[in-house]
Amino acid sequence: MTKRRSPPDVDLALLAQQNAEILEELRALRREVAELKEQSGRTLDFERRNDPRRPNSLTQR
């Protein structure tokens, strides 16, 4: 005879709450990464435009 296992006790409400918290944290991190990418892009553009080693013809766009 095969012995049937009972399913493990899983608190679905707790899992749903934890999942919601993880998703919110992920959204916040994605927003932060997007902001940092935008800031770094602006910084790089500024540094490129003001780099004294670059020819003037390239800096005047």
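Data block above holds the structure.
Keep in mind it's a predicted model, so treat the numbers as computed, not measured.

A. Main features of the overall build of the protein. Check the secondary structure of the protein and you find 2 helices and 0 strands. Out of the 61 residues in the protein, the part that is buried amounts to 2%.

B. Highlighting the pattern of salt bridges. Counted under the stated rule, the structure contains 2 salt bridges. In this structure, Arg27 engages Glu24 in a salt bridge whose closest nitrogen and oxygen atoms are separated by 3.5 Å. Of the two residues, Arg27 and Glu24 are both situated in helix H1 (residues 12-49); the distance of 3 residues between them amounts to about one turn of the helix. Judged by its relative accessible area of 42%, Glu24 is partly exposed. For Arg31, the salt bridge is made with Glu24, and the minimal N-O distance between the two is 3.7 Å.

C. A look at H1. Relative to the 56 Å expected for 38 residues at 1.5 Å per residue, H1 spans 55 Å between its end C-alpha atoms, a close match to the ideal helical length. Between the side-chain oxygen at the start of H1 and the backbone nitrogen of Ala13 there is a gap of 3.2 Å, and the oxygen is on Asp11.

D. Structural view of a nonpolar patch on the surface. Nonpolar side chains collect at one region of the surface, where Val10, Leu12 and Leu15 lie side by side and expose about 290 Å² of accessible area between them. For Leu15, the location among the structural elements is in helix H1.

Parameters and conventions
Residues numbered from 1 in each chain as written. Predicted model: local features only at pLDDT ≥ 70, side-chain atom pairs only at ≥ 80, totals over all residues. Heavy atoms only, no water. Helix = DSSP H or I, 4+ residues; strand = E, 2+ residues; numbered from the N terminus. Buried < 20%, exposed > 50% of the residue type's maximum accessible area, 1.4 Å probe, protein only. Salt bridge = Lys/Arg side-chain N within 4 Å of Asp/Glu carboxyl O. Expected span 1.5 Å × (residues − 1). Polar contact = N/O pair within 3.5 Å; in protein donor to acceptor, adjacent residues only side chain to side chain. Patch = residues over 30% accessible without salt bridge, like charges linked within 9 Å, V, L, I, M, F, W, Y side chains within 5 Å. Areas by Shrake-Rupley, 256 points an atom, 1.4 Å probe, with all protein chains shown as cover.

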